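Chain by chain, the residues:
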Amino acid sequence: MLMYARIKIRDTVRVVPTRLNEDIESVIMDLLWEQFEGKLDREYGMIIGIEDIEDIGEGKIIEGDGAVYFDVTFTAIVFKPLMQEIVEGEVVEIVEFGAFVSIGPLDALLHMSQITDDYMTYDEKNKRLVGKETKKVLQEGDFVRARIVALSLKEREPDKSKIGLTMRQPWLGSLKWIEEELKALEEGLNG
Amino acid sequence: MIDIKRAFPFEYTRFEKARIIGARALQIAMGAPVLIETDKIDPLDIAKEEFEKGVIPITVKRRRESFVWLERHELF
């Protein structure tokens, strides 16, 4: 399971003249957070934090700009969802066509048809999804275990990235259902 | 005699001096903190004064063969 990773990045940071009297390392740290937090890269995933600055190169002044440019090497923590990966998350929103699950910095879509083998109906009043035969209920705040089956990360607009989930497999689903299933199984074994 | 000056405590050429004062004046104009006590208002004047006092935290990196010092007789 590779969901979070630490990567090393080298990039140039522009330090504006107004901040030249401050401690350069903390200024660069601020700028890195500003510049990189939430940035999405197709290959490396989404940068969720700057961990440590490894090296700050010599500042350079370029013609026509009073700012100082530093080559900085730093380590960052990235969030990278992978296809077929099992994730756990909280249901944050129930809509007509399914549920949105928060799996860290991004929300993933769990479509109606991918929740159970049963047909799910949308209960608009209570904002929940109910199984037609099994009467299984999925509502906001439930924790679920699901598999990532669709990935479309948009570098330019991270908000428009889409992650699709499925729970139509053994031992996937709302953690409540899994618990119930386990209990039933144990009873079956004992009895 | 050709003498390549590259060790740090060197005299700046007028071009380097212009570049340093220019860059510093631009920084001051863009809001960089001034390093000396002065009554001057024009960023260029402030930069010049800083340069005279030797407080500008900018150095010049000369590349190995970027220029050479020539004696007058070598030019003709």
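In this text, all values refer to a predicted model and were calculated from it rather than measured experimentally.

### Describing the overall build of chain A
Working step 1: Across its full length, chain A holds two helices and 14 strands.
Working step 2: Its C-alpha atoms give chain A a radius of gyration of 23 Å, more than 25% over the compact-globule value 16 Å for 191 residues.
Working step 3: Each principal axis of the C-alpha distribution contributes one length, and for chain A these read about 75 × 40 × 25 Å.
Working step 4: Within chain A, counting contacts between residues at least 6 apart in sequence, those at least 24 apart form 58% of the total.
Working step 5: For chain A, the exposed surface amounts to about 11200 Å²; the carbon and sulfur share of it is 49%.

### Looking at the side chain of A:Thr75
Working step 1: Here A:Thr75 lies in strand β5 (residues 68-79).
Working step 2: In this structure A:Thr75 touches A:Arg6, A:Ile7, A:Lys8, A:Ile50, A:Glu51, A:Asp52 and A:Glu54, once residues within four positions along its chain are discounted.

### Looking at the environment of A:Val95
All names here are of chain A.
Working step 1: With respect to the secondary-structure elements, Val95 resides in strand β6 (residues 86-95).
Working step 2: For the pair Val95 and Glu124, spaced 29 residues apart in sequence, the C-alpha to C-alpha distance is 8.4 Å.
Working step 3: Sequence-distant contacts of Val95, that is, excluding residues within four places in its chain, are made with Phe100, Tyr122 and Leu129.

### Side note on the interface of chain A and chain B
Working step 1: Contacts between the two partners involve 13 residues from chain A and, on the opposite side, 10 residues from chain B.
Working step 2: Contact between chain A and chain B buries roughly 860 Å² in total, counting both sides, with carbon and sulfur atoms accounting for 64%.
Working step 3: Across the contact surface, chain A and chain B share one salt bridge.
Working step 4: With its nearest N and O atoms 3.8 Å apart, the salt bridge here joins A:Glu63 to B:Arg19.
Working step 5: Across the contact surface, chain A and chain B share two residue pairs in polar contact (both at pLDDT 80 or more).
Working step 6: Residue composition of the side of chain A that touches chain B, by class: five nonpolar, four polar and four charged.

### Some remarks on the pattern of salt bridges
Residues and elements named next belong to chain A.
Working step 1: Taken as a whole and judged by the stated rule, the model has 16 salt bridges over all chains.
Working step 2: Ionic pairing is found between Arg145 and Glu88, a salt bridge with its closest N-O pair at 2.7 Å. Here Arg145 is found in strand β12 (residues 143-152), whereas its partner Glu88 is found in strand β6, with 57 residues between them in sequence.
Working step 3: Note on Arg145: relative accessible area 27%, which makes it partly exposed.
Working step 4: On the basis of relative accessibility, which here comes to 44%, the residue Glu88 falls in the partly exposed class.
Working step 5: Among the salt bridges present, the one from Lys176 reaches Asp142, with a minimum N-O distance of 2.9 Å. Of this pair, Lys176 sits in helix α2 (residues 175-190) while Asp142 sits in the loop between β11 (137-139) and β12; the two residues are 34 residues apart in sequence, bridging distant segments of the chain.
Working step 6: Looking at Lys176, the relative accessible area reads 46%, which means it is partly exposed.

What counts as what
Residues numbered from 1 in each chain as written. Chains lettered and ligands numbered in written order. Predicted model: local features only at pLDDT ≥ 70, side-chain atom pairs only at ≥ 80, totals over all residues. Heavy atoms only, no water. Helix = DSSP H or I, 4+ residues; strand = E, 2+ residues; numbered from the N terminus. Rg over C-alpha atoms; globule rule 2.2 N^0.38 Å. Contact = heavy atoms within 4.5 Å. Areas by Shrake-Rupley, 256 points an atom, 1.4 Å probe, with all protein chains shown as cover. Buried area = accessible area lost by both parts, 1.4 Å probe. Salt bridge = Lys/Arg side-chain N within 4 Å of Asp/Glu carboxyl O. Polar contact = N/O pair within 3.5 Å; in protein donor to acceptor, adjacent residues only side chain to side chain. Nonpolar A, V, L, I, M, F, W, Y, C, P; charged D, E, K, R; others polar. Buried < 20%, exposed > 50% of the residue type's maximum accessible area, 1.4 Å probe, protein only.

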